[in-house]
Amino acid sequence: MSLVAHYLYKWKIRLGVLLALLCLWPLQTWLVSYLADDALTPYEINLSLPLSDELNQHYGLSAKSKILNVFVSGSFSDWRSDDPFYQMHSSPDNQSDEKQWQYLLPIYPGDIEYKLALDVEGQDQVIWILDPKNPNTAVNPWGDKNSLIEVADWPKIAVISQLLTLAVIGAFLLYCLLEPLLYWLLHLKMPLYRKLVLSNVLILICVQIIFFSYQLHQNRQLIKLSISDTLHNMHLVLASNQINFDDLNSQKDNIDIAIDQFFSPATTRIDKKQTSLFQITLSDFAVLDKNGELISLHHRQQNQSLQLNRAQKLGFNNTDDYFIKGMWASLIPQAKQSALNGQLITAKRPSAIRHVETNKTRQSEWVLGFSQVMQPIVSRGQLQGFYGGSIQVKLYGAELLNTLLFQLLLLTGVLSLASWLLMSVGKIVTADILTLTNWTQRIVKGDLTQKLKLNSQDEIQQLGDNFELMRESLASSFHQIEQQNSKLYQEAYFNNLTGLPNRKKLYADLNQHTVSSLLVFNITDFAEINDFYGVKTGDAIIQKVANTFEMNAAPHRLYKTGADEFVVLVAIELNDQQLQQLAEQLIDHVSHQAIVIDDNELYVTLSAGGAHRVNDQYSQLHQQADLARRIARRQFQRYRLFTSEMSNPEAFEANMHQSRLLVTAVQNNLVTPYVQLIKPLSEHIESDDSMSVNPKPKFECLMRICLPDGTVLAPGQFMQTAVRSRLYPRMMKVMLEKSFLMFEPLPYEFSVNISLEDIADAERVETLLSLLKTYPETATRLTFELLESEEITNYDLVHDFIVKVKPYGCKIAIDDFGAGYSNFVHLMRLDIDIIKIDGSLIRHLDKDTKAQHLVSTVTSFAQKMAIETVAEFVDSEQVLEQVKHYNIDYAQGYLLGKPAPTIKAALALTKETTD
């Protein structure tokens, strides 16, 4: 099993463990931060006086004892010898004569022991008592008890927990690395002695890396401790010079004198025999106030000119600005944030300053991890200021390099000795195994002719005999298996007609993540070519196109992914223009050259779409490019590049929502006809018996969806979705049934729209004829409006429909006349009763002279053919007057009446409009 396979075999378990371990880091950080949030909050000591009788008796006091003052005293690290007491503050209780003595005691990490001292009137000595409200006590070496406050050292706990977490994560990562590597080594095709040697080398190197990392960590900790001791010594120097740490800002002169006497004159002793750990020392020392403002800055005498030179090179006026505004600009805020922890804060030089350092200094600083330090000055729980320092580290890198070279030399010796021993023993033990290994290597390479000969007379000999039987079996069947695999692979991944890789191979290659862009090509109207010339000719065209692509698509990979679809994988990086040029070049090679088949010259055209890989979305490339190609085909373009706007999830969701809405409308009978008046324009017409009668109004039934909340949806809001979701036939059936029921008891003529798809669908026509048979009298008043905006390509089909419905007394109207393709051809070839002139001609009839000429021609033709005319979209009195001027029989539009849910409502609207 390969190394990758071994990783994949257990990747879920290892990934889960690794994620769990990685979660330990933020978890332990949060937990320590949460527990340490108020760890250094001053401890509030409260004492209620007078004491209880029990306490008075225990400490030798009486109820009449008058306590003048209360002090708290203990082993506090920040106490000064001249001020051993903290005096508590008293506050009288408003509800009694009792007094409350209080004090907020500053605390620090560790155990704090203290007692309360009572100053009793009339007694020379104070009375020492334990804190009554603190049950925790500690016993000193002399047997005396003190009240105890236990404060966890959270900074130290945080560091230890982080180190432990890193150790666990590092150990697991090392295991995840070594275990599969060792597994891989043991399964490599090489002699066993080499595996032993490599395993030994790998383990020893890892051990040496761990040991060296531990040394490096220890060195860092020792250096931090050394720097901390140096700062502490400086603190002692300042303290011995009577520096008032509670008011550092007023002590600048005294601080300068003290530092000048001790720090500035000192020199750094360079001893080549001494390790660099003892040569790392402060080169610059500063005292800052609690706001991070500089009070005093001093340099070693040998470094003062160097630091000034660096400051000037970086554009600083002096070394004060160089350190405060440059070197420590980010270190000071960090120190202020964690000041009360009392921890030494370390940092590297800022990157803007690091470039003026020497290479040795930069390398040493990188290994050490810091060169700048800052220590807060805390007195009585209050931050008073900071000590800042810059350390000299340039010798550390050389020392570390010497240590590393020595360890590498030692490791080399150990590896050489161990490897020689393992190799010698391994060769003796594994001689037959080496023979077996060489034989198996021949088998792997396909050489099944050599017989295996061993002379070990043990388990290895039995293994060799079994391998020989296996070789003979493989030799007899391997050829047959190879042929079967080749045939299966060919059938699974290649197109039989062209020999090109198929769709399955395309998606398998996309999973390899080696593609940059993808092009999809489709032969335009290939189905019609098959229908016209035959499938045999279509196959020949596909082969010719495939050959042309193969000659011109190199070096890109070509695939045959559909009946008339080809895909080109572009493995090199191309921009939008280059990808388009490639697509158009391939299209030109196919389209500009005639394909000769059986002495016939055929030309084919292609549409193409392209897509670039975005991030790692390889699997979507084909769909995206095909979507771009379909858009290009609809817009009569040769090529389009996919853009994110083409894939609109919001539009898809809206379509699904509307589709669900239409299903609900059909299921809950929400589809209903609205009627709009078609008003006669002549007051009298001549009947068959030469009698003059008043013409009756007609109505057009229009489909609507009435939602439960009262919303009424017009066809423009749902018709496209209804057709695409295949719900339109069911909706049309409901619409027709309700229209027949509405007009059955009334004497009015009515019309319904019918499309060419309705006529072409035998099931829909059968449903319509069934309604005509069910309502014979109503059928005589029905007019079918054929949508003239759709091109009539099958006149026989339309003619057959007219022949079927005319016997029932139905009339035929051409709707939207003037907006379609054939117009007068329709009238000449079909038995038409009514022409409905399209609104695009009527809307501006009072202003558009071209429309006037066309309407005049249509009405004149209709009158000669004895065909009634209806003007649509009449929405103004001016247009109505023009319609009457051309002797149009009927008018329809919002001026005369809007669609209404009932005939009565439509007539009422008409009356209101007329009034």
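Cut-off values and rules
- Chains are numbered independently. Their residues run from 1 in the order of the written sequence.
- Reporting of local features is limited, given that this is a predicted model, to residues whose pLDDT is at least 70; pairs of side-chain atoms are given and counted only at 80 or more, and all residues count toward the totals for whole chains, interfaces and linings.
- Each side-chain value is derived from all of the structure's non-hydrogen atoms; neither hydrogens nor water enter the calculation.
- Axis lines are fitted through C-alpha atoms, for helices just across the contact stretch, and the angle between N-to-C directions can take any value from 0 to 180 degrees.
- Helix and strand assignments follow DSSP, with helices taken as H or I runs no shorter than four residues and strands as E runs no shorter than two, numbered in order from the N terminus.
- To sort the angles, those under 35 degrees are grouped as roughly parallel, those over 145 as roughly antiparallel, those from 65 to 115 as roughly perpendicular, and the leftovers as oblique.
- Note on convention: the crossing is left-handed when the near helix lies turned anticlockwise from the far helix by less than a right angle, right-handed when the turn is clockwise.
- Here, residues are in contact when the closest pair of their heavy atoms is within 4.5 Å.
- Polar here means any residue outside two lists: the nonpolar Ala, Val, Leu, Ile, Met, Phe, Trp, Tyr, Cys and Pro, and the charged Asp, Glu, Lys and Arg; Gly therefore counts as polar.
- For patch building, the residue pool is restricted to those with more than 30% relative accessible area and no salt bridge; the joining distance is 9 Å between like charges and 5 Å between nonpolar side chains (Val, Leu, Ile, Met, Phe, Trp, Tyr).
- Each accessible area is a Shrake-Rupley result for a 1.4 Å probe, and residues are judged covered by the shown protein chains and nothing else.
- By definition here, a salt bridge exists when the distance from a side-chain nitrogen of Lys or Arg to a carboxyl oxygen of Asp or Glu is within 4 Å.
- For two strands to be treated as a pair, DSSP must find no fewer than two bridges joining them.
- When accessible area is computed with a 1.4 Å probe and restricted to protein chains, residues below 20% of their type maximum are described as buried, those above 50% as exposed, and intermediate ones as partly exposed.
- Directions from the helix axis toward the C-beta atoms define the arc.
- pLDDT gives the predictor's per-residue confidence on a scale running from 0 to 100.
- For cavity detection a 1 Å grid was placed over the protein atoms alone, and a set of points counts as a cavity when a 1.4 Å probe fits there but cannot get out; an open set counts as a pocket when protein lies on both sides within 12 Å along at least five of seven lines, with lining residues being those that have an atom within 4 Å of a point.
- Grid points are joined across faces, edges and corners, and a volume is the space filled by probe spheres set on the points.

**Section: the packing of helix 24 (residues 762–774) against helix 26 (residues 795–805)**
- At a closest axis distance of 11 Å, the pairing of helix 24 and helix 26 adopts a crossing angle of 20 degrees. With respect to helix 26, the element helix 24 is oriented roughly parallel. Judged by the twist between their axes, the crossing of helix 24 over helix 26 is right-handed. Between helix 24 and helix 26, the contacting residues are V765, L768, L769 and L772 on the first element and F801, K804 and V805 on the second.
- For the contact of helix 24 with helix 26, the class distribution of residues is 6 nonpolar, no polar and 1 charged.

**Remarks on a nonpolar patch on the surface**
- A cluster of nonpolar side chains, contributed by L24, L27, W30, L31, Y34 and L35, occupies part of the molecular surface with about 620 Å² of accessible area.
- Take W30: it is sitting in helix 2 (residues 11–35).

**Quick notes on the sheet that holds strand 16 (residues 557–560)**
- An order of 16-17-15-20-21 is seen for the 5 strands of this open sheet, with the pairing classed as mixed. Looking along the sheet, the strands with just one partner apiece sit at the ends: strand 16 and strand 21 (639–641). The sheet shows a mean angle of 20 degrees between the axes of neighbouring strands, direction not considered.
- Here strand 16 pairs with strand 17 (residues 565–570) via 4 bridges, running antiparallel. The partner of Y559 across the bridge, within strand 17, is V567.

**Re helix 21 (residues 715–724)**
- Within the span of helix 21, buried status applies to F718, T721 and A722. Angular distribution of buried residues about the axis of helix 21 spans 105 degrees; they occupy a single face of the element. Pointing more than 90 degrees away from the buried face of helix 21 are the exposed residues G716, Q720 and R724.
- Note on helix 21: the residue one or two positions beyond its end, R726, has a positive phi of about 65 degrees.

**Re the confidence of the model for the protein**
- Chain-level pLDDT for the protein is 80 on average; 86% of the residues reach the 70-or-more range.
- Mean pLDDT values over the elements of the protein span from 54, in strand 23 (residues 685–686), up to 93, in strand 32 (residues 890–891).
- Confidence over residues 267–278 falls short of pLDDT 50; this stretch has 17 contacts with residues more than four positions distant or in other chains.

**Digging into the sheet that holds strand 11 (residues 294–299)**
- Pairing in this open sheet of 5 strands is antiparallel, and the strands run 11-10-14-13-12 from one edge to the other. What marks the edges here is a single partner per strand, and that holds for strand 11 and strand 12 (345–347). If you compare each strand with its neighbour and ignore which way they point, the axes differ by 15 degrees on average.
- Inspection of the sheet shows strand 12 paired to strand 13 (residues 372–379) by 3 bridges, in the antiparallel sense. When the sheet's bridge partners are listed, A347 is paired in strand 13 with Q372.

**Observations concerning the pairing of strand 22 (residues 671–680)**
- Counting buried positions along strand 22 gives 9 out of 10 residues, so the element sits mostly inside the fold.
- Relative to strand 25 (residues 698–706), strand 22 is paired through 8 bridges, and the arrangement is antiparallel. Each residue of the ladder has a partner; that of I678, found in strand 25, is K698.
- Sheet topology note: the strand 22/strand 32 ladder contains 2 bridges and is antiparallel.

**Here we look at the layout of surface pockets**
- Roughly 990 Å³ of volume is contained in the second largest pocket.
- Looking at the second largest pocket, it is lined by 35 residues, and the ones nearest its centre are E700, L702, P715, N753 and D815.
- Broken down by secondary-structure element, the contributors of at least two residues to the lining of the second largest pocket are strand 25, helix 21, helix 22 (728–743), strand 27 (749–754) and strand 29 (811–817).
- The element that contributes the greatest number of residues to the lining of the second largest pocket is strand 25, accounting for 5 residues.
- Its residues assigned to classes, the lining of the second largest pocket shows 18 nonpolar, 7 polar and 10 charged.

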